[in-house]
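Structural overview for review
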Amino acid sequence: MSSGDFFFALFGAGALAAAVLPRVVAGRPLSMPLVFLLCGVALQASPLPLPEVDPVGDRMWVEHLTEVCVIVSLMGAGLALNRPVGWRHWQASWRLLGVTMPLTIVVTGLLAWWLLDWPPAAALLLAAVLSPTDPVLASEVRVGAPTESEHDEDEVRFALTSEAGLNDGLAFPVVMAAVALAAAAGTGLSGAWVGQWLLVDVLYRCVVGVLAGLAVGRLLGWMFFRAGWESMRLSEHRDGFVALGATFLAYGVTELVHGYGFLAVFVTACRIRAAERAHGYHTVLHDFVEQVERLMTAGLLFLLGAFVAQGALTRLTWQGALVGLLLLLVVRPLTGWAAQFGTAAGPRERVVTAFFGIRGIGSLFYLAYALGTEGFHVPAGELWAVVTFTILASVVLHGTSASPVISRLDRIRLLKARRRHRGKRPGDDEVAHERL
């Protein structure tokens, strides 16, 4: 049997499965990422000719594949959000970013330093790598396709989607701090790197990321919806692949001037969305991006499953597993819950938002990127084992619980809205505004 023919057949079957599975598992305690993860494990354990998956030896491939998947998902998230960006409307998002994320990084870093006895740079790297959330791996907890209404998104889905859209970029400064700390430790530990890190990696690169995203988004918003020439006004032609052009343009331009491309892509998407909020072209762009994202996520989760079957967790210790479980079951839920006091969300919504701090593809990218820049005095296999275990645990825990939990919230929200309107069918905006 030709290995090339086998891979064509495998890719075709995987693409068809990625189209069918979301509808098959809808409403069930199961998710598409979990299915592909298990398929990767099962096929790798079979006698079929699958390639060796080695993220240490093939670090560059892992970095770039996950990089593309993350920026595509960021474009999709930005295009899907209906609410205009603002302090009051996005209050839960700012709280999760400004309170939950820093506390999660600090506590996870201390746990890694204490339980694993890792050097400070390696402990900080693990905390930074595991800080971004990723609702791609549980579609029930993110907002759906864009609509004309600015008020039809419930607090749970909106908070988790907007948080993930921004924290993928905001994790970068902390990763760079871990890289700088590791470099300083190799030349005699000092704090001389802190000033440059604050000026360049925090201030300059974040500001450039936001400004570049605004500029590119403004330009593309004009081109899509307001250009005088019809041939330039791309919304008239409804080509979905234009979303990929916007994604790569924003990312590439920003990285060329040494800004954070992840931030720029999400800001670009939000700016395009704001250019003409009610236009149906947003749905075309979002649907195309969502399909590409689903294909890439399925493929990466399949490869992750194969990596697990090949022995990815052989370097995992009980201490490393405990760090991952504490992050998912204690650190994120507590910090996420505490950060939401004073927001519009009700008590049950705060609990659900805090619990679904899903870890995923972004963590794989950041680890591959960091290991290519500096040595952290911890074997790469150990770092990969802890991160892989945490993602596996998140896929299983959140993937099986998302549908039942979110469906129950939706039912309660709809029931409350009907009672408020005396049995009449309430609108989507009215249902979304019910607090639980």
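Below you will find a few notes about this structure. Every value quoted in this text rests on a predicted model; they were computed, and no experiment measured them. (Residues numbered from 1 in each chain as written. Predicted model: local features only at pLDDT ≥ 70, side-chain atom pairs only at ≥ 80, totals over all residues. Heavy atoms only, no water.)

Here the focus is the overall build of the chain. Tallying secondary structure elements over the chain gives 16 helices and zero strands in all. Taken over the C-alpha trace, the chain has a radius of gyration of 21 Å; the compact-globule value for 436 residues is 22 Å, and the two agree within 12%. In terms of principal-axis extent, the alpha carbons of the chain reach across some 65 × 55 × 50 Å. Once local pairs closer than 6 in sequence are excluded, the contacts in the chain between residues at least 24 apart make up 81%. As displayed, the chain offers around 18,400 Å² of accessible surface, 66% of which is attributable to carbon and sulfur atoms. With 33 positive and 34 negative side-chain charges, the chain shows a separation of 12 Å between the mean positions of the two kinds. (Helix = DSSP H or I, 4+ residues; strand = E, 2+ residues; numbered from the N terminus. Rg over C-alpha atoms; globule rule 2.2 N^0.38 Å. Contact = heavy atoms within 4.5 Å. Areas by Shrake-Rupley, 256 points an atom, 1.4 Å probe, with all protein chains shown as cover. Lys, Arg positive; Asp, Glu negative; His and termini not counted. Charge placed at Lys NZ, Arg CZ, Asp CG, Glu CD.)

Inspection of the secondary structure assignment puts Leu 10 in helix α1 (residues 3-24). A relative accessible area of 24% means that Leu 10 is categorised as partly exposed. Those residues in contact with Leu 10 that sit more than four places away from it in its chain are Leu 43, Leu 50 and Phe 302. (Buried < 20%, exposed > 50% of the residue type's maximum accessible area, 1.4 Å probe, protein only.)

Our next topic: unusual backbone geometry. Although it is not a glycine, Asp 117 adopts a positive phi angle of roughly 60 degrees. Position of Asp 117 among the secondary structure elements: in the loop between α4 (91-115) and α5 (120-129). The class of Asp 117 is exposed, set by a relative accessible area of 65%. Non-glycine residue His 258 carries a positive phi angle of around 65 degrees. Tracing the backbone through its elements, the reader meets His 258 in the loop between α9 (242-256) and α10 (261-275).

With that out of the way, let us pick up the nonpolar core. Membership of the largest hydrophobic core comes to 107 residues, with the highest contact counts inside it found for Leu 125, Leu 126 and Phe 376. What Phe 376 contacts, discounting residues up to four positions off in sequence, is Pro 119, Ala 121, Ala 122, Leu 125, Ala 178, Val 179, Ala 182, Ala 370 and Leu 371. Core analysis: the next-biggest nonpolar cluster, separate from the first, contains eleven residues, Leu 160, Val 352, Ile 406 and Leu 409 among them. (Core = buried A, V, L, I, M, F, W, Y, C linked by side-chain atoms within 4.5 Å.)

Turning next to the side chain of Thr 66. Tracing the sequence through the fold places Thr 66 in helix α3 (residues 59-80). Once residues lying within four places of it in the same chain are set aside, the contact partners of Thr 66 are Leu 300, Ile 361, Leu 364 and Phe 365.

A few words on the packing of aromatic side chains. By convention here, two paired aromatic rings are described through the distance between centres and the angle between planes. Here the structure, examined in full by the defined rule, presents 18 aromatic pairs. Relative to Tyr 366, the ring of Phe 172 lies with its centre 5.1 Å away and its plane at 85 degrees, an arrangement referred to as edge-to-face. With Phe 172 in helix α7 (residues 172-186) and Tyr 366 in helix α14 (residues 361-371), this pair connects stretches of sequence that are 194 residues apart. Here the two residues Phe 172 and Tyr 366 agree in accessibility, since each one is buried. Seen from the ring of Phe 158, Arg 83 lies directly overhead, with NZ or CZ sitting 4.1 Å from the centre. Cation over ring: Arg 205 sits above Phe 172, and NZ or CZ is 5.9 Å from the ring centre. (Phe/Tyr/Trp six-rings, centres within 6.5 Å; stacked < 30°, edge-to-face > 60°. Lys NZ or Arg CZ within 6 Å of the ring centre and 35° of its normal.)

If you check α4, its first and last C-alpha atoms are 35 Å apart, about what 25 residues at 1.5 Å a residue would give, namely 36 Å. Roughly 30 degrees is the biggest bend found in α4, and it falls at Thr 100, with proline Pro 102 one to four residues downstream. Within two residues after α4, Asp 117 carries a phi angle of roughly 60 degrees, on the positive side. (Expected span 1.5 Å × (residues − 1). Bend = angle between axes of the 7 residues up to and from the residue.)

To continue, consider the packing of helix α8 (residues 193-225) against α10. Angle between the axes and distance between the axes: these two values describe a pair of packed helices. Here α8 crosses α10 at 35 degrees, and the two axes come no closer than 7 Å. In the packing of α8 onto α10, the handedness of the crossing is right-handed. Along the contact surface, α8 presents Cys 206, Gly 209, Val 210, Gly 213, Leu 214, Val 216, Gly 217, Arg 218, Leu 220, Gly 221, Phe 224 and Phe 225, while α10 presents Leu 263, Ala 264, Val 267, Thr 268, Arg 271, Ile 272 and Ala 275. Partitioning the contact of α8 with α10 into residue classes produces twelve nonpolar, five polar and two charged. (Axes fitted to C-alpha atoms, helices over the stretch in contact; angles between N-to-C directions. Left-handed = near helix turned anticlockwise from the far one by under 90°. Nonpolar A, V, L, I, M, F, W, Y, C, P; charged D, E, K, R; others polar.)

Before going further, it helps to spend a moment on a nonpolar patch on the surface. Among the surface-exposed residues, Leu 199, Val 200, Leu 203, Tyr 204, Val 207, Val 210, Leu 211, Leu 214, Leu 256 and Val 257 lie close enough to one another that they form a single nonpolar patch of about 890 Å² accessible area. The greatest single-element share of the nonpolar patch, amounting to eight residues, is contributed by α8. Looking at where Tyr 204 falls in the secondary structure, it is placed in helix α8. Look at Tyr 204 and you get partly exposed, because its relative accessible area is 39%. (Patch = residues over 30% accessible without salt bridge, like charges linked within 9 Å, V, L, I, M, F, W, Y side chains within 5 Å. Salt bridge = Lys/Arg side-chain N within 4 Å of Asp/Glu carboxyl O.)

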